[in-house]
Every structure is written in structure tokens, then in C-alpha cells.
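# Examination of the molecular architecture
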Amino acid sequence: MKCYVCAKQGVDEEAVAICIVCGMGLCLGHAFKEEVLVRDIVDWGLGEERVEYPHPLPRFICAECKLAIDQRKKAEKR
Ligand SMILES: [Zn+2]
Ligand SMILES: [Zn+2]
């Protein structure tokens, strides 16, 4: 697979990752790595406990999808 962003600019670049949101192929220069916390909600019977694990889950996304996700993160903080 080729990098979609490079291909649009007429550059022939091999893809090293795939955006998990839109599925486009991305080269090293166009792939962004997002780290997502791994969470569980454990029900002990007496109530629920939210557990967060120390090792995050890596996900590759493109610039456009990163922008779309980042704007939502900002909205959530308000
Ligand atoms: Zn590229
Ligand atoms: Zn994408």
C-alpha cells in the first residue's frame, strides 16, 4: 500500500501504517500515534471500580482524523 497523503502530492511513498479511523495508508511522516488508556470497569458486587492500566494502547491515525478527534477532546473538557 502507498501513503495516501503523499500519493495526492504526486510522491510515491510506501505506507508503514494505516489510519484506524478512515483506513488510509500512511508513511512515517504522515502517521500520528495516539495513545489510548486501557480501562476496565470491575463490578465487585458491592459497587463498580474503574481500573486504569499503566500500558496505553497505541493507535495510528492520519492528520485529518487527529484533528477531528482533538476537537472533540477539547469540547469534552468544558
Ligand atoms: Zn506520506
Ligand atoms: Zn484518518
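Now for a quick tour of the structure.

Thresholds applied
Counting restarts for each chain: residues are numbered from 1 in the order of the written sequence. A letter from A marks each chain and a number from 1 marks each ligand, given out in the order of writing. For a predicted model such as this one, the threshold for reporting local features is a pLDDT of at least 70, and the threshold for listing and counting side-chain atom pairs is 80 or more; totals across whole chains, interfaces and linings nevertheless cover every residue. Counts of 20 or more other C-beta atoms within 10 Å of a residue's own C-beta define buried residues, counts of 12 or fewer define exposed ones, and intermediate counts define partly exposed ones; C-beta atoms are placed from the backbone. Going along the chain from the N terminus, every DSSP run of H or I of four or more residues is numbered as a helix, and every run of E of two or more is numbered as a strand. Paired strands are those between which DSSP finds at least two bridges.

## Quick word on the pairing of strand β5 (residues 48-52)
Of all 5 residues in β5, 0 are buried, a share of ten percent or less. Bridge count for strand β4 (residues 39-43) against β5 is 5 bridges, and the pairing is antiparallel. Bridge pairing in β5 links V42 to E49. Hairpin connection between β4 and β5: a loop of 4 residues separates the two successive antiparallel strands, and G45 in this loop has a positive phi of roughly 95°.

## Description of the environment of C3
Here C3 is to be found in the segment before α1 (4-8). Note on C3: 24 C-beta atoms within 10 Å, which makes it buried. For the pair C3 and E13, spaced 10 residues apart in sequence, the C-alpha separation works out to 5.6 Å.

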